[in-house]
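Read off the chains here:
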Amino acid sequence: MLVRHNGAMKRLYTNGTIWTGIWRDGKVLTCDSVTQASGRVVALGAAAEELPADEVVDLDGGFLMPGFADGHAHPLKGGVAALFAPVNQETSVAGILHAVARWAQDHPDEPWVRGEGYDPALAPGGTFDRVWLDEAVADRPVALRAADYHTMWVNSLALTLAGIDEHTPDPPRGVIERNPMGTLREWGAWRLVDQCLPRLTQAQRRSAARYAMDYLTAHGITFVQDAWVEPDDVATWEAAVETEATVRVDMALLAEPERWRDQLSWFVDVQQSGDDRLTANAIKFFADGVIESGTAHMLEPYCGCGGRGIPNWTREELAAAVTSVVGLGFQPHVHAIGDAGVRSALDACAAAARIHGHAGHPVIAHCQVIDPRDVPRFAALGVTANFEPLWARLDADQDLLTQPRLGPERSSRQYQMASLLRAGANVSFGSDWPITSGNPLAGISVAVSRQMPDGTPKGGWLPEERMTVDQALSAYTAGVAQQVGAKDWGTLAPGN
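(A) Structural context of the nonpolar core. Met251, Phe285, Phe378 and Phe429 are the most contacted members of the largest nonpolar core, which has 108 residues in total. With 7 residues, the top contributor of residues to this core is helix 11 (residues 339-356). Among the nonpolar cores identified, the runner-up in size contains 22 residues, and Val113, Val137, Val142 and Ala208 belong to it.

Next up, the structure:
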């Protein structure tokens, strides 16, 4: 006779290390058994052993934990990257050009040659020449996105179709590199080309969603925050969850500075159409750009130039927009990398709290450089600091692009994960996939060691910001659950 819990079949996992994710007295509780029914935890430890079970799973000394949750990724963009030239796999400019030329040859009927995720550190200053692409593909426009998704490298024909030449002024929120031409930085510039690209077909979008779901599931991810969702993406996700949902998705709908007020009704309509598998509870804001391109917004000028980056919003407009979406019941999810960008995001959260009595469980993603005066504000305002831990290492981007622009003092304040934990803030992890790997284990390894795969530098880069294994695992589970306000997952507790 089968014994059931409230009519549900019970499964006992035993003979292993059960990492619950539940913190008590500064440590995470572990046990050797857990009983589950209908996808929910019924009992832990001795209590689990005492319950009759329909099925027993012998862990054979293995490790069991809550499913990973990715608090900041771009899954559909990861799927789209798989449709085009595999430039993200190349480690030299010559390799990229070969991949582009080969894809063009294999797809003679495609009107544009595209690729996603090239390494911006492969050219001095991250500036790439249109002539290089002209030599690879002469008869069609070429548009390649950098791995940071804030930069585009294009050939001459693409520039012509977008109406860009040597005399085109830099657009608002963008930079057109001139010497050499071919590199477009930030939204205002690369959107000029992006709007010329053919829209993806429904078949391509279905393929991208299927690829994304398979990728996330293969890495043990059970929830993902899609941190950049536009109207076509909503339709793609809605179709995907009907047929192949293996991961719960929350969509962060993109708010644009020029038209966010007109977008408010759309935000509400999308949110109201969601279900448990697909929700839209967050609004995405890009406060600034990236340090590698000199477009992240800094309090003080970059080294070697007088610029402080590109703020995508004025402080006043960002505060007004964040306050409005919080009033509608949304969670602000703000990309902020420079210390001025982070401060503007915190100021916007503070403005929302003054009006509504709370800041709407806000999230600031990336937080690459934070001014010391702003570290305590995260906990005080209830702001989750979402980090992409795989970035917190001394790689080529740091060596060739980031640190030369920041200088020693600001470079020493990068990715202050442990400092924010010590200050009482919630820290969550994401991957930013496909910008970097979506494998949580790779990110956790860096969070704990602050090292490259070869073990350099010895002792870790900025070792005072290293996290414990328990802290890193928690950031990829319970930290994300707290980030999105989930009460019923993220830890192995009865009822979850």
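(B) Just helix 13 (residues 396-411), in detail. In this model helix 13 runs just 14 Å from its N-terminal to its C-terminal C-alpha over 16 residues, more than 12% under the 22 Å that 1.5 Å per residue would give. Gln403 marks where helix 13 bends most, by close to 85°; the proline Pro404 follows one to four residues later. Residues Gln398, Leu401, Thr402, Arg405, Leu406, Gly407, Arg410 and Ser411 constitute the buried set of helix 13. Where helix 13 is buried, its residues meet helix 11.

(C) Representation of the packing of aromatic side chains. Applying the stated criterion to the full structure yields 20 aromatic pairs. Judged by centre distance (4.7 Å) and plane angle (40°), the rings of Phe128 and Trp153 are tilted. Of the two residues, Phe128 sits in the loop between strand 8 (113-118) and helix 4 (130-136) while Trp153 sits in strand 10 (residues 151-154), which places them 25 residues apart along the sequence. Across this residue pair, the class does not change: Phe128 and Trp153 are buried. Geometrically, the ring pair formed by Trp266 and Phe267 is tilted, given 5.7 Å between the ring centres and 50° between the ring planes. According to the relative accessible area criterion, Trp266 is partly exposed, its value standing at 22%. An aromatic cluster of three or more residues is present, and its members are Tyr118, Phe128, Trp132 and Trp153.

(D) Spatial organisation of the packing of helix 9 (residues 260-272) against helix 10 (residues 315-327). Orientation of helix 9 relative to helix 10, taken along the N-to-C sense of each, is 15°, at an axis distance of 11 Å. On the basis of their axis angle, the class for helix 9 and helix 10 is roughly parallel. Between helix 9 and helix 10 the crossing geometry is right-handed. Contacts between helix 9 and helix 10 involve Trp260, Arg261, Leu264 and Phe267 from the first element and Glu317, Ala320, Ala321, Ser324 and Val325 from the second.

(E) Structural context of the sheet that holds strand 8. Strand order in the open sheet formed by 5 strands is 8-9-10-12-11, with mixed pairing between adjacent strands. Among the strands making up the open sheet, the edge pair consists of strand 8 and strand 11 (175-178). Each adjacent strand pair in this sheet contributes to an overall mean axis angle of 20°, direction not counted. Running at roughly 150° to strand 8, helix 3 (residues 93-106) makes contact with strand 8, strand 9 (142-146) and strand 10 of the sheet. Docked against the sheet, helix 6 (residues 186-194) engages strand 9, strand 10, strand 11 and strand 12 (181-185), running at close to 120° with respect to strand 12.

What counts and what doesn't
Residues numbered from 1 in each chain as written. Predicted model: local features only at pLDDT ≥ 70, side-chain atom pairs only at ≥ 80, totals over all residues. Heavy atoms only, no water. Core = buried A, V, L, I, M, F, W, Y, C linked by side-chain atoms within 4.5 Å. Buried < 20%, exposed > 50% of the residue type's maximum accessible area, 1.4 Å probe, protein only. Helix = DSSP H or I, 4+ residues; strand = E, 2+ residues; numbered from the N terminus. Expected span 1.5 Å × (residues − 1). Bend = angle between axes of the 7 residues up to and from the residue. Contact = heavy atoms within 4.5 Å. Phe/Tyr/Trp six-rings, centres within 6.5 Å; stacked < 30°, edge-to-face > 60°. Axes fitted to C-alpha atoms, helices over the stretch in contact; angles between N-to-C directions. Parallel < 35°, antiparallel > 145°, perpendicular 65-115°, else oblique. Left-handed = near helix turned anticlockwise from the far one by under 90°. Pairing = 2+ DSSP bridges.

Limitation: the analysis is restricted to geometry and does not speak to function.
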